[in-house]
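# Notes for the structure review
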Amino acid sequence: MDKNIIPMDTTCQKIRTIPLFSGLNKEDFEGITAIAQRKKYKKGELIFNEGDEGNGFYIVETGKVKIFKLSFGGKEQILHIYGPGKPFGEVPVFTGKNFPATAQAVVGSTLIFFPRKDFIARITENPSLALNMLAVLSKRLREFTVMVENLALKEVPARLASYLGVLTKEQNNLSVVTLPVSKNQLAGLLGTTPETLSRIFSKMSGQGLIGVDRGIISILDAQGVADMAEGG
C-alpha cells in the first residue's frame, strides 16, 4: 500500500472544477472520481523519478510541484512548476512509456492520482474525455515550444520579461503579479543563476519597468516589459 495515499471523498468537488473533466455528465464524473486516489507529499519529497514507469498521471489539488531534469553534471533544469488544478505526468498515459522527467513537491502538497490502466478504460468509454485530454496535451506542447524558444533564442532579461507576461495572463492582472515560486526556483526555471536574476530585477526596477516587493511584482510599464520580452 502506497504510504502517501489518504482517504478520497467520492464526491470530490476539486475534480469537478478541473478543465480536463469539464462537460462530463454525472455518471461519467462519478466514474472518474471512483478511480482517483488522493496522495499527500511533504516538502521536497519526490513524486516520481525520470525513467520510472508511467503508471498514471497527477493533478495538483493543493501545493506546488516542480518538474525537472538533471544533467550529467548534476545541474538542475526546471521545466515547469505547477499549482492547484494543473495536471502533470499525463503524456505516458497515452505513450505507455516511462516518465521523461522528475517530479518533486516544492511545498507540502496534496495530489490526485489517476492510474493509467483505469483512466484508459474511462477514455475508451467516453470520447469527450479523450478530446479534453488532447486539448490539455496540445496546450502543454505549446508551453514547451515557448520554453525552448526562450532558452535557446532569448537572453535572460527577455526570458524574465516573457515570464512576467505569462503571469499577467495566468493571474488575470495586468498591473500586479505574485511570483508563484522563490527567486532561486525561478532562476532554475529561466535557466540562469539567482545572482543574475537579482541583477536583472534590479535593472528593470531602476528603468521604471517594474516594482519589486519581495514576491510581489508591480508592472509599471507594460509596453516596456513587452518590448523587453521581444527584443531583450
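Note: the structure precedes this text.
Since we're looking at a predicted model, the values are computed, not measured.

## Observations regarding the sheet that holds strand S12 (residues 216-219)
One open sheet accounts for three strands, arranged S10-S12-S11; its pairing is antiparallel. Lying at the two open borders of the sheet, with one neighbouring strand each, are strand S10 (176-178) and strand S11 (210-213). Here the strands of the sheet are splayed against their neighbours by 20 degrees on average, with no regard to which way each runs. As judged from the four bridges shared by S11 and S12, these two strands associate in the antiparallel manner. Counted as the bridge partner of isoleucine 210 is isoleucine 219 from S12.

## A look at the nonpolar core
Proteins that are soluble and globular tend to have nonpolar side chains buried together. Core analysis: the largest hydrophobic core is formed by 27 residues, its most contacted members being Leu160, Leu164, Leu186, Phe201, Met204, Ile210 and Ile217. At the level of secondary structure, the elements contributing two or more residues to this core comprise strand S6 (76-82), helix H6 (156-170), helix H7 (183-190), helix H8 (194-206), S12 and helix H9 (222-231). Composition of this core by domain shows at least three residues from each of domain 1 (13-137) and domain 2 (154-231). Residues in contact with phenylalanine 201, not counting those within four places in the same chain, are Leu160, Leu179, Lys183, Leu186, Ile210, Val212 and Ile217.

Rules of the game
Residues numbered from 1 in each chain as written. Predicted model: local features only at pLDDT ≥ 70, side-chain atom pairs only at ≥ 80, totals over all residues. Heavy atoms only, no water. Pairing = 2+ DSSP bridges. Helix = DSSP H or I, 4+ residues; strand = E, 2+ residues; numbered from the N terminus. Axes fitted to C-alpha atoms, helices over the stretch in contact; angles between N-to-C directions. Core = buried A, V, L, I, M, F, W, Y, C linked by side-chain atoms within 4.5 Å. Buried < 20%, exposed > 50% of the residue type's maximum accessible area, 1.4 Å probe, protein only. Domains from an automatic or database assignment. Contact = heavy atoms within 4.5 Å.

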